[in-house]
Amino acid sequence: HFTLFPGMPRWPEGTQELTYAFFPGNGLSDAVKGVFAAAFARWAEVTSLKFRETASYFGADIRIGFFSGDHGDGEPFDGSLGTLAHAFSPTNGRFHLDAAEDWVVSGDVTRSALPTAVDLESVAVHEIGHLLGLGHSSVEEAVMFPTISSRKKKVVLARDDIEGIQFLY
Ligand code: TQI
Ligand code: ZN
Ligand code: ZN
């Protein structure tokens, strides 16, 4: 079953659109940005929320960046595997990914030559769940289940993920 964060934080009642922006220092490609757009679209499909990219990093509701090691928020990244990314409960909006991972942006992660390959969209869908207020789920098929193996892709929302997000929004 899905869980919520303590105190059930969510984006304010009446929120129709959330903006997101990419850390300018990362200089991300359109391909990478497209993966995040696809991940947001999966949650938009099952709620009335809309997600829109904005150029203004500090003005955005959700701020996405790739960082390595200690990056100033007290939660350092740890290199390949281990922690892949972290995102915080509403309405914090911080969405950080470990730049040291072997991120797979396009193509089939299950066929990657790298044993350490991690599917970017899978992690993005999971972290967006946290950004919207979902904790972890006990349902193994759920995107919000707290483990994923490297070289696995899990991007389709399970019934449990949908029930959780529709409870909140
Ligand atoms: N990052 C953890 C996660 O997102 C960070 C975390 C641990 C966390 N406990 C939390 C975030 C409680 C919010 C609330 O779960 S991770 C997965 C998964 C990670 C893990 O790098 O370990 C995914 C990132 F679920 F598959 F294991 C993405 Cl998909
Ligand atoms: Zn961080
Ligand atoms: Zn998680």
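Structure first, text after, so check above.
This text gives an overview of the structure that appears in the document. Just so we're clear, the structure is a prediction, and the values are computed from it rather than from any experiment. (Residues numbered from 1 in each chain as written. Chains lettered and ligands numbered in written order. Predicted model: local features only at pLDDT ≥ 70, side-chain atom pairs only at ≥ 80, totals over all residues. Heavy atoms only, no water.)

## Considering the site of ligand 1
Applicable threshold: By convention in this text, a residue qualifies as near a molecule or strand provided that one of its non-hydrogen atoms is within 4 Å of it. Any N or O atom pair separated by 3.5 Å or less is treated as a polar contact, with the protein-specific requirement of one donor-capable and one acceptor-capable atom, and with residues adjacent in sequence counted only for side-chain atom pairs. Using the Shrake-Rupley algorithm and a 1.4 Å probe, accessible areas are obtained, with residue cover drawn only from the displayed protein chains. Helical segments are the DSSP runs of H or I of at least four residues, strand segments are the runs of E of at least two, and each set is numbered from the N terminus.
Lining the immediate surroundings of ligand 1 are 13 residues, of which Leu-84, Ala-85, Glu-127, Pro-146 and Ile-148 lie closest. One of the side-chain N or O atoms of His-126 is found 3.3 Å from an oxygen atom in ligand 1. For ligand 1, an oxygen atom lies 2.9 Å from a polar atom in the side chain of His-136. Relative to its unbound accessible area of 570 Å², ligand 1 is 74% covered by the protein chains. For the shell around ligand 1, the element with the highest residue contribution is helix H2 (residues 120–132), accounting for four residues.

## What about the sheet that holds strand S4 (residues 85–87)?
Going by this rule: Note on pairing: DSSP must find at least two bridges between two strands before they are called paired. Orientation is described by lines fitted to C-alpha atoms, with helices fitted over the stretch in contact, and by angles between N-to-C directions that extend from 0 to 180 degrees. Contact criterion: two residues are considered in contact whenever any of their non-hydrogen atoms come within 4.5 Å of each other.
What the five strands build is an open sheet, ordered S2-S1-S3-S5-S4; its pairing is mixed. Both outer strands of the open sheet, strand S2 (50–53) and S4, are each paired with one neighbouring strand and no more. Strand-to-strand twist across the sheet, computed as the mean angle between neighbouring axes with direction ignored, equals 20°. Direction of pairing for strand S3 (residues 62–67) relative to strand S5 (residues 94–98): parallel, over a ladder of five bridges. Counterpart to Phe-66 in the pairing with S5 is Leu-97. Where helix H1 (residues 30–44) meets the sheet, it contacts strand S1 (17–22), S2, S3 and S5, and its direction lies at approximately 140° from that of S3. Where H2 meets the sheet, its contacts fall on S1, S2, S3, S4 and S5, and the angle it forms with S5 comes to roughly 155°.

## A short note on the coordination of the zinc ion (ligand 3)
Defined as follows: Ligating atoms shown are N, O and S within 2.8 Å of the metal, or 3.2 Å for Na, K and Ca, and water is not included, meaning a site may look less than complete.
For the zinc ion (ligand 3), the full set of protein donor atoms is His-126 (NE2), His-130 (NE2) and His-136 (NE2), at a range of 2.0 Å. Summarised as a motif, the one-chain spacing of the donors to the zinc ion (ligand 3) is H-x3-H-x5-H. With His-126 and His-130 both in helix H2 and four residues apart, the pair spans about one turn of that helix.

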